[in-house]
Amino acid sequence: MKGKILVTGGTGFIGSHTVVELQEAGFDVVIVDNLSNSSADVVDGIEKITGIRPTFAKIDCNDIDAMRDLFKKEGNISGIIHFAASKAVGESVQKPMLYYRNNLVSLLNIMDLMTEFNVKAFVFSSSCTVYGEPDVNPVVETSPVKPALSPYGNTKQIAEEIIRDGSVPGTCYKSIILRYFNPIGAHPSAEIGELPNGVPQNLLPFVTQTAMGIRKELSVFGDDYNTPDGSCIRDYINVIDLAKAHVKALDRMLEDKSEAPVEIFNLGTGTGVSVLELINTFTKVTGVEVPYKIVGRREGDIEKVWGGVDKANDVLGWKTEKTLEETLESAWKWQLKLRERGLM
Ligand code: WQD
């Protein structure tokens, strides 16, 4: 085994796909998740894919006593990937204190426990949200961090500052901050995928549920932006490509290849895709129409943002491999599997 990795939020969308890649890379994985936005069934899905059942503990990262007991029980944890956080932009505007408490107290607990138990490597799940509305695209890691447009985005900015300030000389661990663009898709086995609670906030789950007839039609939030077809542009990254970057980041730190106490990498394809392009590509690859209507802009939406990924390519040794077409196809296959199982 390459060592034991603790994955907080490991039954979530990105977390579960990352657990699969960690196991396939030879790591022993312990999942911690409070199941506030995911199901323990995901552990079964992971086992079906890899044949290895990860250890699972239903714990809230805000409960430091329970987390400390887990560290004592598990012993030699080499690294931690911290996904556990509340992540709905709109909800964060309605419940800011929940977001600041949940997202920041959990981080502070993890950082304290890494020192207490001499953990060597820390990967933090951040977001391109920290860039706000960029002046120039593609955004690179040195692009200015803009004032956050939501409490969710602000918790990511504050978290990054805490990690930077917490990495004082003598800290036992190195950190890598990964700034995701828009993660989409599902494992090709369709054993795991994105399973949002209630009405999806993000674009692709709403597209697949509309294609399935679960939603009557998709609202496209604005086509009057300064973009070629008027709809917003994002950098949609396949969730498996994204997961593989986490393995690369851990290896980099565990093999002592880090060049600084804290390193930051953008994780994207480097290409922008508009909302309407995504919808049309989905129909092209699946043959399924997606009824939609153009409505007003969604408050807080950024017009266009996509990633400059040379640093991840050249320094981390990682780049995306999957195309938008196969990614959309994987999301549709996942939606079909959910229907087959009677889950949606
Ligand atoms: C994408 C585009 C919408 C839904 C957020 C967070 C980011 C990450 C991903 C956590 C936008 C449009 C959407 C719909 C639409 N979250 N859209 N109709 O807002 O870019 O990013 O989620 O990790 O940190 O900021 O993603 O999928 O919500 O929106 O037209 O029903 O799709 O306007 O242009 P977003 P999204």
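The structure presented is a predicted model; accordingly, all values stated were derived computationally and were not measured.

### Quick look at the pairing of strand E2 (residues 28-32)
Then comes step 1: With four of its five residues buried, E2 lies for the most part within the structure.
Then comes step 2: Across five bridges, strand E1 (residues 4-8) lies against E2 in parallel orientation. Bridging across to E2, Thr8 finds its partner in Val32.
Then comes step 3: The sheet contact formed by E2 and strand E3 (residues 55-57) spans three bridges and is parallel. Bridge pairing links Ile31 to Phe56 in E3.
Then comes step 4: Between the parallel pair E2 and E3, the chain is carried across by helix H2 (residues 41-50), and the sense of this crossover is right-handed.

### Let's talk about the pattern of salt bridges
Then comes step 1: If you walk through the whole model with that rule in mind, you get 22 salt bridges.
Then comes step 2: Of the charged contacts in the structure, one is a salt bridge between Glu116 and Arg68, with a shortest N-O distance of 2.6 Å. Here Glu116 is found in helix H5 (residues 96-116), whereas its partner Arg68 is found in helix H3 (residues 64-74), with 48 residues between them in sequence.
Then comes step 3: A relative accessible area of 44% means that Glu116 is categorised as partly exposed.
Then comes step 4: Among the salt bridges present, the one from Lys146 reaches Asp135, with a minimum N-O distance of 3.0 Å. Placement of the pair is Lys146 in the loop between strand E5 (121-127) and helix H6 (151-166) and Asp135 in the loop between E5 and H6, with a sequence separation of 11 residues.
Then comes step 5: One continuous salt-bridge network, built from bridges that share partners, spans Lys4, Lys73 and Glu74.

Each value, and the rule that gives it
Residues numbered from 1 in each chain as written. Predicted model: local features only at pLDDT ≥ 70, side-chain atom pairs only at ≥ 80, totals over all residues. Heavy atoms only, no water. Buried < 20%, exposed > 50% of the residue type's maximum accessible area, 1.4 Å probe, protein only. Helix = DSSP H or I, 4+ residues; strand = E, 2+ residues; numbered from the N terminus. Pairing = 2+ DSSP bridges. Right-handed = clockwise from strand over helix to strand, strands pointing away. Salt bridge = Lys/Arg side-chain N within 4 Å of Asp/Glu carboxyl O.

Taken by themselves, the reported measurements are silent on function.
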